[in-house]
Each structure stands twice: as C-alpha cells, then as structure tokens.
Amino acid sequence: QVQLVESGGGLVQPGGSLRLSCAASGTIFSIYTMGWYRQAPGKQRELVAVITSSSITNYADSVKGRFTISRDNARIAAYLQMNSLKPEDTAVYYCNLALTGLTYWGQGTQVTVSS
C-alpha cells in the first residue's frame, strides 16, 4: 500500500511563490510517474505537471514557465515549485503516483492566491 502526503500549501499574494512537497510511504519496485493535479471550486480536477521515472516532464499550458516539477527517487518524493502565482492558480493541489495499473492520490493541500 502506498500513501502520499502533500505539504507546502497556503495563502500567498499574487506574484508570490510556494513550493509543494509530496512524500510517499510504502515500497515501490516498479517504474512510476509522479504528478500534480489541481481542482478549483466548481471545476474538474486538471493536470498541472507530471514527471516520469526518466525525469521527462509535461506541464499544463497555463503553468508553463512558472511552475517546475521535480522528484527525488531515493525518497520517493515529488516537488512543485510555483512562481509568479496568479489568483487563478487558487485550488486544492493533489499529488499523484501512477504505477502500471494502479494510481494513488494524496489528500490535497490548499493553495490560495489572493491580495
């Protein structure tokens, strides 16, 4: 069983930065992809960024150039550095770990961008 725990959310002013962390517990032997998704009130959950086991990354167009995803394979962890935050980035951010045939989600961390 794999559990994911996110941290690092909070309230920040427009133009500010936050760094989200996701730590996985459990034993993982397979190749896996980690990612960040977000869900704003009244909207569907959407992809923010993913990073493969080979560190290939993919970003939503809305965050390209502002957000950076990274991972630490030794710790089974992923990070999301968010810069130049905008009010429209306000959402609950969820960490995701995907194995072949299995997907795990964290409980989410709230990010609020407001003056």
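Definitions and limits used
Residues numbered from 1 in each chain as written. Predicted model: local features only at pLDDT ≥ 70, side-chain atom pairs only at ≥ 80, totals over all residues. Heavy atoms only, no water. Helix = DSSP H or I, 4+ residues; strand = E, 2+ residues; numbered from the N terminus. Contact = heavy atoms within 4.5 Å. Pairing = 2+ DSSP bridges. Axes fitted to C-alpha atoms, helices over the stretch in contact; angles between N-to-C directions. Buried < 20%, exposed > 50% of the residue type's maximum accessible area, 1.4 Å probe, protein only. Phe/Tyr/Trp six-rings, centres within 6.5 Å; stacked < 30°, edge-to-face > 60°. Lys NZ or Arg CZ within 6 Å of the ring centre and 35° of its normal.

Caption draft 1: Seen up close, the side chain of asparagine 96. Relative to the helices and strands, asparagine 96 resides in strand β9 (residues 91-99). In this structure asparagine 96 touches Leu4, Thr33, Met34, Gly35, Tyr37, Thr103, Tyr104 and Trp105, once residues within four positions along its chain are discounted.

Caption draft 2: Representation of the pairing of strand β7 (residues 67-72). The sheet contact formed by β7 and strand β8 (residues 77-82) spans six bridges and is antiparallel. Residue pairing for β8: phenylalanine 67 is matched across the bridge by methionine 82. Taken together, β7 and the strand that follows it, β8, pair antiparallel across an intervening segment of four residues, in which isoleucine 76 is found at a positive phi of about 50°.

Caption draft 3: Fine view of the sheet that holds strand β3 (residues 18-25). One open sheet accounts for four strands, arranged β1-β3-β8-β7; its pairing is antiparallel. Because the sheet does not close on itself, it has two edges, and the strands there are β1 (3-7) and β7. On average, each strand axis in the sheet is inclined to that of its neighbour by 15°, with strand direction left out of account.

Caption draft 4: A look at unusual backbone geometry. Its identity is not glycine, yet isoleucine 76 carries a phi of approximately 50°, on the positive side. With respect to the helices and strands, isoleucine 76 occurs in the loop between β7 and β8. A relative accessible area of 15% places isoleucine 76 in the buried class. Phi angles above zero are rare outside glycine, and serine 84 is one such case at about 50°. Tracing the backbone shows serine 84 in the loop between β8 and β9.

Caption draft 5: Fine view of the packing of aromatic side chains. This structure, assessed with the given rule, holds one aromatic pair. Considering the side-chain rings of tyrosine 37 and tryptophan 105, the 5.0 Å spacing of their centres and the 70° angle between planes classify their relative orientation as edge-to-face. Highlighted residues: tyrosine 37 in strand β4 (residues 33-39) and tryptophan 105 in strand β10 (residues 102-105), separated in sequence by 68 residues. We classify tyrosine 37 as partly exposed; its relative accessible area is 21%. Its end group placed over the ring of tyrosine 94, arginine 45 keeps NZ or CZ at 3.7 Å from the ring centre.

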